[in-house]
Amino acid sequence: MDKDIFAYRLKEAMKKKRYKQVDLVRTAQEEGIKLGKSHISQYVSGKTVPRAENLLFLANILGVEEAWLTGESNQLQAENAGEESMETIKKSSKLDNVLYDVRGPVVEEAAKMEETGTRILKLNIGNPAPFGFSTPDEVIYDMSKQLTDCEGYSTSKGLFSARKAIMQYAQIKKIPNVSVEDIYTGNGVSELINLCMSALLDDGDEILIPSPDYPLWTACATLAGGKAVHYICDEQANWYPDMDDIKKKITNRTKAIVIINPNNPTGALYPKEVLQEIVNIARENHLIIFSDEIYDRLVMDGEEHIAIASMAPDLFCVTFSGLSKSHMVAGYRIGWMILSGNKEIAKDYIQGIDMLSNMRLCSNVPAQSIVQTALWGNQSVENYVVPGGRVYEQREYVYNALKDIPGISVVKPKAAFYMFPKLDTKKFNIVDDEKFALDLLKEKKILIIHGGGFNWKEPDHFRVVYLPELGVLDDAMGKIADFLSHYKQ
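What counts as what
Residues numbered from 1 in each chain as written. Predicted model: local features only at pLDDT ≥ 70, side-chain atom pairs only at ≥ 80, totals over all residues. Heavy atoms only, no water. Helix = DSSP H or I, 4+ residues; strand = E, 2+ residues; numbered from the N terminus. Buried < 20%, exposed > 50% of the residue type's maximum accessible area, 1.4 Å probe, protein only. Areas by Shrake-Rupley, 256 points an atom, 1.4 Å probe, with all protein chains shown as cover. Lys, Arg positive; Asp, Glu negative; His and termini not counted. Charge placed at Lys NZ, Arg CZ, Asp CG, Glu CD. Phe/Tyr/Trp six-rings, centres within 6.5 Å; stacked < 30°, edge-to-face > 60°. Expected span 1.5 Å × (residues − 1). Contact = heavy atoms within 4.5 Å. Axes fitted to C-alpha atoms, helices over the stretch in contact; angles between N-to-C directions. Parallel < 35°, antiparallel > 145°, perpendicular 65-115°, else oblique. Left-handed = near helix turned anticlockwise from the far one by under 90°. Nonpolar A, V, L, I, M, F, W, Y, C, P; charged D, E, K, R; others polar. Pairing = 2+ DSSP bridges. Right-handed = clockwise from strand over helix to strand, strands pointing away. Polar contact = N/O pair within 3.5 Å; in protein donor to acceptor, adjacent residues only side chain to side chain. Salt bridge = Lys/Arg side-chain N within 4 Å of Asp/Glu carboxyl O. Disulfide = S-S within 2.5 Å.

J.: Could you give me a rundown of the overall build of the protein chain, with the residues and numbers involved?
T.: Each helix and strand in the protein chain was counted, giving 20 helices and 15 strands. Its C-alpha atoms put the protein chain at 75 × 50 × 50 Å along the principal axes. Within the span of the protein chain, comprising 489 residues, buried residues form 55% of the whole. As displayed, the protein chain has an accessible area near 22100 Å², and 48% of this comes from carbon and sulfur atoms. A gap of 1 Å separates the mean positions of the 56 positive and 67 negative side-chain charges of the protein chain.

This is the structure:
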């Protein structure tokens, strides 16, 4: 068949059905058809044509004849001829470039397997509770005592007591020029990231986001109409940001830079000299600094977390943190953001933030009520991240187990509870990292997230969460090693 004719007619059929490329990929996954993003892209661009089974799938899903798609016939058969067809309801085109595979297709397949009674070991999500990490007793006690006082809305920014405690925490972190009015509570940091992107970005505005990233950043920037420009974090340099790559990706549309420190998915912790280089770039180019620091209390090896805002009193900075990870209360949904530095230049933007904050009324009030106790009470997380502590010892085990598997290399994380190991793609012939994750799930019942789920462009990484207890991790690492001993894609 003629590639150009096929590509043209495929695009026409997709347009008629209002299908995007991602719709075809998702539908294929649901029906068990091996048809990835790269395949569809090559078909649409006219670089290649599909095999018989994929051609049949495309014809059926688009409601056309195979012969018409291939150019063998000029007669386009109307779907359901003689009947009045109903227009299908499609999702917004704004979602076409949105990715959130932390809860994506591989996770959906795991859910289907669980429905049939299959036990799945989930190394895919940073949720401490299922792995036996408990909320401190005094936090639960304090919330229970205050529930009757939390029946109404708070102010949109949050309870004064919570914001006062966060302000004092900001002072400990040496973040400058912060008052209670500069603190906003949210239903987790996720809500506040979305709010900040929506208040800032016009269509076509650019924002620098790390690769790999926590994909919510890219998704929220895209949904707000902005363009996420990914700068590379260098695996050979402990996953620190590549400063030269950042500099060459700045344009006159660049409004801000995002850092995730400590980093998810790599577990990297940025030292002062790295942070200073980022501050210098932001200063030179008049950029806002957004710093996601949700893991700032999960730091190991005697290292210290430094808030980048403490080094940039003359810049406008927004620092995000919360209790979900450090106090094992992910389900309570309590996070915050701190506006600091040169707020004079951001008056109009702050008005936008206030407007959106007011529109959602307020964040979860019972969860706000525990912030003061959590931040200034006994910090149980400190016992987890030292030698002998669960997080520390689980990190040590998983790091050593992974680096001993032929075909895997890994940088030892300094913080959080994630690792981002690298696969030897030549050894395993891997061209599709999502397929790798799916194959591992089906054979070994282990759920991980492929590197592409974190906006990493090469099919050579995956993220492991090392929250399960050592016995469970030992079983998981053994199964991964056995899987890779024979795996070829």
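Read on for the rest.
J.: I'd love a proper account of the packing of aromatic side chains, names of residues and values included.
T.: Per the counting criterion, the structure on display carries 18 aromatic pairs. Both rings, one in Trp217 and one in Phe290, keep their centres 6.1 Å apart while their planes meet at 45°; by these two values the pair is tilted. One end of the pair, Trp217, is in helix H10 (residues 215–223); the other, Phe290, is in strand S7 (residues 288–292), with 73 residues separating them in the sequence. Consider the rings of Trp217 and Phe320, whose centres lie 5.5 Å apart with planes at 85°: the pair is edge-to-face. Of this pair, Trp217 sits in helix H10 while Phe320 is found in strand S8 (residues 316–322), placing the two residues 103 residues apart along the sequence. You'll find Trp217 and Phe320 in the same group, each marked buried.

J.: Report on helix H17 (residues 390–403), specifying residues and quantitative values.
T.: With 14 residues, H17 should cover 20 Å at 1.5 Å per step; its first-to-last C-alpha distance of 20 Å lies within 8% of that length. Buried residues of H17: Val391, Tyr392, Gln394, Arg395, Glu396, Val398, Tyr399, Ala401 and Leu402, and no others. Structurally, H17 contributes buried residues whose contacts are with helix H16 (381–384), strand S10 (408–409), strand S11 (418–419), strand S15 (462–465) and helix H20 (470–484).

J.: Can you lay out the packing of helix H19 (residues 433–444) against H20 for me, pointing to particular residues and giving the numbers?
T.: The axes of two packed helices give the description: the angle between them and the distance between them. Axis separation between H19 and H20 bottoms out at 11 Å; the angle between their running directions is 115°. As the angle between them shows, H19 and H20 are arranged roughly perpendicular. Crossing of H19 against H20: the hand is right-handed. Contacts between H19 and H20 involve Phe436, Asp439, Leu440, Glu443 and Lys444 from the first element and Lys479, Ile480, Asp482, Phe483 and Leu484 from the second. For the contact of H19 with H20, the per-class residue count stands at five nonpolar, no polar and five charged.

J.: Tell me about the sheet that holds strand S4 (residues 227–234), and name the residues and values.
T.: For sheets, the rule is that strands pair by backbone hydrogen bonds, running either parallel or antiparallel. Read across the open sheet, the eight strands follow the order S2-S9-S8-S7-S6-S3-S4-S5; overall the sheet is mixed. Unpaired on one side and paired on the other, strand S2 (183–186) and strand S5 (240–241) mark the two borders of the sheet. Pairing of strand S3 (residues 206–211) with S4 involves six bridges; the strand directions are parallel. Looking at S4, one finds that Leu208 is bridged to Val229. Seen against the sheet, helix H8 (residues 160–172) touches S2 and strand S9 (335–341) and runs at an angle of roughly 120° to S2. The strands that H10 touches are S3, S4, strand S6 (254–260), S7 and S8; relative to S3, the one it contacts most, it runs at about 160°.

J.: Now, about unusual backbone geometry: what can you tell me, with residues and values included?
T.: The omega torsion across Ser211 and Pro212 is 5°, close enough to zero to call that bond cis. With respect to the helices and strands, Pro212 occurs in the loop between S3 and H10. Residue Pro262 is bonded to the preceding Asn261 through a cis peptide linkage, with omega at 0°. By the element assignment, Pro262 lies in the loop between S6 and helix H12 (272–285). A positive phi angle, near 65°, is found at Lys174, a position not held by glycine. In this structure, Lys174 sits in the loop between H8 and S2.

J.: Give a description of the sheet that holds S11 that names residues and reports values.
T.: With antiparallel pairing, three strands are arranged side by side in an open sheet as S11-S15-S14. What marks the edges here is a single partner per strand, and that holds for S11 and strand S14 (449–450).

J.: Before we move on, can you summarise the pairing of S4 with the specific residues and values?
T.: Crossover connection from S3 via H10 to parallel S4: handedness right-handed. One ladder, built from two bridges, connects S4 with S5; its direction is antiparallel. Within S5, the position partnered with Cys233 by the bridge is Pro241. Connecting S4 to the antiparallel partner S5 that follows it, the hairpin turn spans five residues, and Asn238 within it adopts a positive phi of roughly 60°.

J.: Describe in detail the side chain of Arg163, supporting the description with residues and values.
T.: Along the chain, Arg163 turns up in helix H8. Of the polar contacts made by the side chain of Arg163, one reaches the backbone oxygen of Gly158; its length is 3.0 Å. When residues no more than four places from it in sequence are discounted, the contact partners of Arg163 are Thr155, Lys157, Gly158, Val180, Glu181, Ile183 and Thr185.

J.: Tell me about the pairing of S9, and name the residues and values.
T.: Most of S9 is tucked away: seven of the seven residues are buried. The sheet contact formed by S2 and S9 spans four bridges and is antiparallel. For Gly186, the partnering residue across the bridge sits in S9 and is Gly335. In this sheet, S9 lies alongside S8 in antiparallel orientation, the contact comprising seven bridges.

J.: Residues and numbers for the pattern of salt bridges, please.
T.: Using the criterion set out here, one finds 23 salt bridges in the structure. One salt bridge in this structure joins Lys173 and Asp296, with 3.6 Å as the shortest N-O distance. Taken as a pair, Lys173 in the loop between H8 and S2 and Asp296 in the loop between S7 and S8 lie far apart in primary sequence, 123 residues in all. For the pair formed by Lys173 and Asp296, the shared burial category is buried. With a shortest N-O distance of 2.5 Å, Lys444 and Asp482 are connected by a salt bridge. Of the two residues, Lys444 is situated in helix H19 and Asp482 in helix H20; the sequence distance between them amounts to 38 residues.

J.: Account for the state of the cysteines, naming residues and giving values.
T.: Summed over all chains, the structure comprises zero disulfides. Of all cysteine sulfurs in the structure, the one in Cys317 sits closest to Cys233, which takes part in no disulfide; the separation is 18 Å. Judged by its relative accessible area of 2%, Cys233 falls in the buried class. For the unlinked cysteine Cys362, the closest cysteine sulfur is that of Cys150, found at 10 Å.

These results come straight from atomic positions and should not be treated as a statement about function.
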